[in-house]
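Listed below are the residues making up each chain.
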Amino acid sequence: MSTDKQPDGAQTVSVHTSRAHNATSAVSPPIWQTTTFSAETAEDFAERAIAMRPAEFYTRYGNPTHRAVEATLAALERAETAIITGSGMGAIFAAVAALVERGDHIVVQRNHYAGSTTLFQEVLPRWGIQATAVDQTDADAFAAAITPQTKLVYVETPTNPLMQITDLRAAAELARAHNLISICDNTFATPINQRPIELGLDLVVHSATKYLGGHHDVTAGAIIGSQALIDRIWKFAIVSGATLSPFDGWLLLRGLRTLGLRVERHNLNGAALARFLSGHPKVERVYYPGLPEHPQHELARSQMQGFTGMLSIEMRGGYSAAEALIRNLRLATRAASLGGFETLIVHPAAMWGLQLSPEQRLRTGVSDSLVRISAGIEDEADLLADFAAALEGQKER
Ligand SMILES: Cc1ncc(COP(=O)(O)O)c(C=O)c1O
């Protein structure tokens, strides 16, 4: 690793950061598969019991495997520190709930991952915490929603599933001017494509289930930011119980080792599919911020280094056309989740039937003809051939 001021590149960070937190000579660090740690003396035990974020006391409080993952994530997002949780929603819930109390107000977006929308619009109001949802493409709307009770600005960009972009610099500036804490869900972008903390946001949250893990085999979350904020959130996270198992922490670390390489390929495949589909007569519209015709392309370029493997399309022909495409694909698998090695495809209108009412779906732009694609790392030519054949109505052989 370099010792000068220039930070190492993301792929170097992914490969090497965990070595410093290994505590053994094993090149691949062990999995600390234990719920608890012994103390030699009463003093030692008492010290660990009251320590902030001890790595060796009780796994719900911390674990050496998790320390290695947390160090890697903090380095990738260029932040002081991080904590990992049992899911992305566990991270979002802990980060938000730790920082607000009854009577507080949060400015959020109209479009978020559906679980976050439910948290802000249904769960938190039951505890006396209100949220105002604004059009994230209108930077002024965030300012207009601030009240004397506002404590947080919570953003997600690009959004799931419409790939809308939030102006991160503007959100950070606004939060700073009003003494608010700002949080960004960076799941879709990953720190390879976008680093909100460098743009002035206070905290980043992730569903590490997605690109960070990258292999569709671990459900996890992460909260990344300053030592002071993460310490505060940790106190809540340990009682919210969203603990990640050491084995899953290790799987996440293993996934992170190749994050930069994988995301490069996801970006290429996402862009190739977006270009191909935007020229296809059976496709009404493509939502991909890397396309020059995306209404926020310039903003995306100003804050992202790549445009991800995520895209959504509107099919001509409504629900049945969307279903026919999904049914006809050979390489893209119909499954919830995203960001892993293999291409996944979903019909959001069907997936979020439980979480979003028909009115909420319409308000957030989730139409019957919308299809969300998570481009995997397969060979580009094979993916394009598969989509071409599926759109013609037959499986590619
Ligand atoms: C943008 C975004 N944030 C958060 C989540 C929730 O993550 P998890 O399923 O790991 O709880 C998801 C899940 O799809 C997501 O897409």
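Above this text you will find the structure in question.
## Some thoughts on the overall build of the chain
Regarding its fold elements, the chain presents 16 helices and 12 strands. Counting only C-alpha atoms, the chain reaches 70 × 50 × 40 Å along its principal axes. Counting every position in the chain, which comprises 397 residues, the buried fraction comes to 49%. Long-range contacts, defined as pairs at least 24 residues apart, comprise 73% of the intrachain contacts of the chain with a sequence gap of at least 6.

## Let's talk about the nonpolar core
Ala95 and Ile223 are the most contacted members of the largest nonpolar core, which has 72 residues in total. Of all the elements, helix α4 (residues 88-99) adds the most residues to this core, at eight residues. If you look at the next biggest cluster of nonpolar residues, it comprises 41 residues, including Met163, Ala189, Ile313 and Leu325.

## Remarks on helix α16 (residues 380-392)
Between its first and last C-alpha, α16 extends 18 Å over 13 residues, near the 18 Å set by a 1.5 Å rise per residue. Looking only at α16, the buried set comprises Leu383, Asp386, Phe387, Ala390 and Leu391. Each buried residue of α16 sits inside an arc of 125° when the element is viewed along its axis, so together they form one side. For α16, the exposed residues lying more than 90 degrees away from the buried face are Ala381 and Glu392. In this structure, the buried residues of α16 make contact with α11 (259-278) and α13 (318-328). Of the residues flanking the end of α16, it is glycine 393, one or two places downstream, whose phi is positive at about 95°.

Basis of the calculations
Residues numbered from 1 in each chain as written. Predicted model: local features only at pLDDT ≥ 70, side-chain atom pairs only at ≥ 80, totals over all residues. Helix = DSSP H or I, 4+ residues; strand = E, 2+ residues; numbered from the N terminus. Buried ≥ 20, exposed ≤ 12 C-beta atoms within 10 Å, placed from the backbone. Contact = placed C-beta atoms within 7 Å. Core = buried A, V, L, I, M, F, W, Y, C linked by C-beta atoms within 7 Å. Expected span 1.5 Å × (residues − 1). Arc of directions from axis to C-beta.

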